[in-house]
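Tertiary structure, described
Below are the chains, spelled out letter by letter.
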Amino acid sequence: MSRARKHARPWRDTASAREPDETGLRERLKHGERAAAGEFYDACAPRIARFIAQALGGFNTPQDTEDLMQETFISMAEAIPFFRGESTLLTFACAIAHRKVQSFLRTGARRARIAETYYPPAAPRPATPAATGDLARALGALEPGYRAILHLKYVEDFSVTEIAAIRGESGHAVESRLARARRALKKLMEK
Amino acid sequence: MRPEDGHAELERRMRAAFAPERRPAADPLRERFAAQLLEAAAHPDEVPIEIDGRRLIARRGSTVLAAAMKNGIRLMHVCGARKLCATCRVKVTAGAQYLSPMSAQERLSLRAHLSVSSRTRLGCQARIEGPIGAETVFPLCGDLPGPGQDPAPDRSPDRGAGGLEESR
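As the structure is a prediction and not an experimental result, all values here were calculated from the model.

Residues and elements named next belong to chain A. The end-to-end C-alpha distance of helix 9 (residues 171-190), which contains 20 residues, comes to 29 Å, matching closely the 28 Å that a straight helix rising 1.5 Å per residue would cover. Looking at helix 9, one finds that the buried residues are Val174, Ala181 and Leu185. Projected down its long axis, helix 9 shows its buried positions confined to an angular sector of 30°, all on one face. Along helix 9, the residues that are exposed and aim more than 90 degrees away from the buried face are His172, Ser176, Ala179, Arg183, Lys186, Lys187 and Glu190.

And the structure:
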């Protein structure tokens, strides 16, 4: 893929920069090494927490993010012995987090439908408290699926192939979804 | 010009807007992750799986049907696991790559029963090699009404519309 990774951008933490000791770390994790677990956790937990918080969007509360972090890392620990190394560890963890978030959102939507019957709907929380200005407003108004895919591409710096692995979709589906997400964001920012 | 160049500004602004979430200095999840990892490494033949939202432990190499039955999920298997009836079929929701490859006979059986979804497998044939998630397609043994009982299907949200519908 003709991705612009080769060009030096010091502010970017690219996937290729994460990869050098990946195989060694993976083997150490498979053997249950405590030091390797700490190393992986320190490197990836803040990014996975950011991904979960962003993917949750308007449903986000710190407790929800924390709960999903717990579920993600416990599932990850259970799954690592079977991980074949087809992707990077971060991609693998994000794929687990993505499934947990989707499951949470489905349950949340069901709960919200029930709650609406009894309580008036509450004002949604801002989806991106860290972002400011028109970008924040536009991202907040963006469909959660589009917001998540833009986040994976531009904040987490995953390639289309990696995003496809995380979301369980084909590369073509990811590319067209990305294009639609960019168009939708641009439209919202121009409003 | 590469197509990515036009999105550099968007990329720059989005990265500036989202800093990684701060984790607490003494994070209990860090310790829990390490302990769970050690536990998983100590039992390499035990595979955590999920069927209809229930978390079970299966032995590596066992079939989905055997793992379900052993854990009290009574998957229907009218033909006795001989690839004939396809009543044990399950919809794989996660970890399809951790199941044994589909044999020609299994594919034939599924097609003969008009099941063309690529995510559907026969529970009696698919062997577990890693963590998977699956949903049952047919009602479980014991869920069907007996003679003289109310034949109304279970329409609870967890079981779907009667448990018989299969999405592609």
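Next comes the rest of the write-up.
Residue and element names in this part refer to chain B. As summarised here, the arrangement of the five strands in space is 2-1-5-3-4, forming an open sheet in which the pairing is mixed. Two strands in the sheet have a free side with no partner beyond their single neighbour: strand 2 (54-59) and strand 4 (120-122). Taken pair by pair, the neighbouring strands of this sheet meet at an average axis angle of 40°, ignoring direction. As paired elements, strand 1 (residues 46-51) and strand 2 share six bridges and run antiparallel to each other. Paired with isoleucine 49 across the bridge in strand 2 is leucine 56.

Counting residues in hydrophobic clusters, the biggest one holds 79 residues, and the most contacted among them are Ile48, Ile52, Ala93 and Ala97 of chain A together with Ile128 of chain B. It is helix 3 (residues 34-56) of chain A that provides the largest number of residues to this core, a total of 13 residues. Isoleucine 52 of chain A has contacts with Thr65, Leu68, Met69, Ala97 and Val101 of chain A, leaving out every residue within four places of it along the chain.

Thresholds applied
Residues numbered from 1 in each chain as written. Chains lettered and ligands numbered in written order. Predicted model: local features only at pLDDT ≥ 70, side-chain atom pairs only at ≥ 80, totals over all residues. Helix = DSSP H or I, 4+ residues; strand = E, 2+ residues; numbered from the N terminus. Expected span 1.5 Å × (residues − 1). Buried ≥ 20, exposed ≤ 12 C-beta atoms within 10 Å, placed from the backbone. Arc of directions from axis to C-beta. Pairing = 2+ DSSP bridges. Axes fitted to C-alpha atoms, helices over the stretch in contact; angles between N-to-C directions. Core = buried A, V, L, I, M, F, W, Y, C linked by C-beta atoms within 7 Å. Contact = placed C-beta atoms within 7 Å.

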